[in-house]
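# Results of the structural survey
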Amino acid sequence: MTQAPTATRHRRPLIAGNWKMYKTREEGLHFLEALASAAVSGQWPAAEFLPELALFVPFTLLEALHKKASELKAPLSVAIGAQNMESRVEGALTGEISPRMLEDVGVSWVLIGHSERRQYYNETDATVNAKLLAAYAHEMQPILCVGETLAQREAGGTDALVAEQTQKATQGLSPEQALSLVIAYEPVWAIGTGKVCDADEANRVCGVIRQQLASLYDESLAAQVRILYGGSVKPDNSAELLAQPEIDGALIGGASLDPASYLTIVQATSAKPATLNACSL
Ligand code: PGA
């Protein structure tokens, strides 16, 4: 039997920063200026090696940084995203920000289900699913975060947990929507602790998530979805993590607050052999 022709697709690396509750507008604008001057002085990888870049900033910085980012000169391009949003469009929900409000300031990227939201603001798999569906309904690009706590890892529950979080979060997502999803594997015990997950193990768990997508959808779809690693990614451990075949980029907290360390991690991506991410469809 003749095989169907195969096309090679690449999962373009994505380096995302999560600023959490840090920085004023002025500090955020300085950060983007520092990235722009690094680009001018030739510190950025050549255009063909440049990963996709995104920064998830506090709500109060969104409008100013989105405007500033739109003025950056090619090939430097940085998407500005929100760290959370409410799934409903409007309502008597004091303190919440809706997808419509994000659209209104031109923001189309959003983090969904970060472990700090799950841990401190009681977000459940059901809320995460509702937010993910809302993101797609508003044509936004979500990054879904999944990951186990230390207790869950020590009890041997990591694989089942990330598979379950992935399944529950993606309920009701069409294959077209799932195809464009970005998932960040972020072990909770590695976030903000300086205890990075071993590169081999991070790679293995990203593979478990991909396998779960394959069983929820199909192999070819799963092979195209970008899966990032997050949790104490730093300039000195990023090259090893990013070289892993299942890891398509990073979600960086602390080390994304400083333009120089963010830039070093971006440069580490360019060392990733392009073929590693190639997949035959
Ligand atoms: P960290 O945070 O890099 O500071 O560990 C990662 C995250 O919370 O996304």
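Before any of the text, the structure's been laid out above.
Let us look at the structure shown here. As the structure is a computational prediction, the values presented were derived from the model and not from experiment. (Residues numbered from 1 in each chain as written. Predicted model: local features only at pLDDT ≥ 70, side-chain atom pairs only at ≥ 80, totals over all residues. Heavy atoms only, no water.)

## Some details on the overall build of the protein
Formally: Each helix is a run of H or I in the DSSP string that is no shorter than four residues. Each strand is a run of E no shorter than two, and both are numbered from the N terminus. Buried, partly exposed and exposed residues are distinguished by accessible area as a fraction of the type maximum, computed with a 1.4 Å probe on protein chains only: under 20%, between the cut-offs, and over 50%, respectively. The contact criterion used throughout is that any non-hydrogen atoms of two residues lie within 4.5 Å. Here the Shrake-Rupley method, with its probe set to 1.4 Å, supplies the accessible areas, and only the displayed protein chains count as covering residues. Positive charges are assigned to Lys and Arg, negative charges to Asp and Glu, while His and the chain termini are left out of the count. Where a charge lies is defined by one atom per residue type, namely NZ (Lys), CZ (Arg), CG (Asp) and CD (Glu).
Within the protein, the regular secondary structure consists of 12 helices and 10 strands. With the principal axes as the frame, the protein shows a C-alpha extent of 55 × 50 × 40 Å. The burial tally for the protein puts 51% of its 281 residues in the buried class. Counted over contacts in the protein with a minimum sequence separation of 6, partners at least 24 positions apart contribute 77%. Accessible area for the protein stands at about 12900 Å²; split by element, carbon and sulfur atoms hold 53% of it. Considering the protein, the positive charge centre built from 22 side chains and the negative charge centre built from 32 side chains are found 2 Å apart.

## Thoughts on the packing of helix α1 (residues 25–40) against helix α12 (residues 259–269)
The geometry of a pair of packed helices is captured by two quantities: the angle between their axes and the separation between those axes. Spelled out, the test is: In this analysis an axis means a line fitted to C-alpha atoms, helices contributing only their contacting stretch, and an angle means the value between N-to-C directions, from 0 to 180 degrees. For classification, angles of less than 35 degrees are called roughly parallel, those exceeding 145 degrees roughly antiparallel, those between 65 and 115 degrees roughly perpendicular, and all remaining angles oblique. Working rule for handedness: look at the near helix, and if it is turned counterclockwise from the far one by less than a right angle, call the crossing left-handed; if clockwise, right-handed. Just so you know the grouping, Ala, Val, Leu, Ile, Met, Phe, Trp, Tyr, Cys and Pro go in nonpolar, Asp, Glu, Lys and Arg go in charged, and all remaining residues, Gly too, go in polar.
α12 packs onto α1 with a crossing angle of 50° between their chain directions and a minimal axis gap of 10 Å. Between α1 and α12, the crossing angle belongs to the class labelled oblique. α1 and α12 meet at a crossing whose hand is right-handed. Note on element contacts: α12 touches α1 through P259, Y262 and L263, opposite F31, A34, L35 and A38. Looking at side-chain class alone, the contact of α1 with α12 contains 7 nonpolar, no polar and no charged residues.

## With respect to the site of the ligand
Counted only if it meets this: Neighbouring residues are identified by heavy atoms, a residue being near a molecule or strand if any of them is within 4 Å of it. In protein, a polar contact requires one atom able to donate a hydrogen and another able to accept it; more generally it is a pair of N or O atoms within 3.5 Å, and residues adjacent in sequence count only if both atoms are side-chain atoms.
Near the ligand lie 13 residues; those nearest to it are K20, H114, E186, G192 and S232. Within the side chain of H114, one N or O atom sits 2.7 Å away from an oxygen atom of the ligand. The contact in question runs from an oxygen atom of the ligand to an N or O atom on the backbone of G253, over 2.8 Å. In the complex, 97% of the free accessible area of the ligand, which totals 280 Å², lies under the protein chains.

## Notes on helix α9 (residues 199–216)
Heads up, the condition is: Each residue after the first adds 1.5 Å to the expected span of a helix.
For α9, built from 18 residues, the straight-helix expectation of 26 Å at 1.5 Å per residue is met to within 8% by its first-to-last C-alpha distance of 26 Å. Burial analysis of α9 places 13 of its 18 residues in the buried class, the great majority of the element.

## Some details on the pattern of salt bridges
Definition in use: Should a side-chain nitrogen of Lys or Arg be within 4 Å of a carboxyl oxygen of Asp or Glu, the pair is scored as a salt bridge.
Per the stated rule, a full pass over the model turns up 17 salt bridges. Residues participating in the shared-partner salt-bridge network are E148, R153, D159, E201 and R204.

## A closer look at the side chain of Q83
Along the chain, Q83 turns up in the loop between β4 (78–82) and α3 (99–104). Polar side-chain contacts of Q83 include one of 2.9 Å to the backbone oxygen of K20. Looking at Q83, its side chain comes within polar contact range of the main-chain oxygen of F56, at 3.1 Å.

## Digging into the sheet that holds strand β9 (residues 249–252)
By definition, the strands of a sheet pair up through backbone hydrogen bonds, in either a parallel or an antiparallel sense. Under the convention used in this document: A pair of strands is labelled paired if DSSP reports no fewer than 2 bridges between them.
Read once around its circumference, the closed barrel built from 8 strands follows the order β2-β3-β4-β5-β6-β7-β8-β9, with strand pairing classed as parallel. When strand polarity is set aside, the average angle formed by the axes of neighbouring strands in this sheet is 25°. Sheet analysis places strand β3 (residues 52–57) next to β4, joined by 5 bridges and oriented parallel. By the bridge assignment for β4, L55 is matched with I80.

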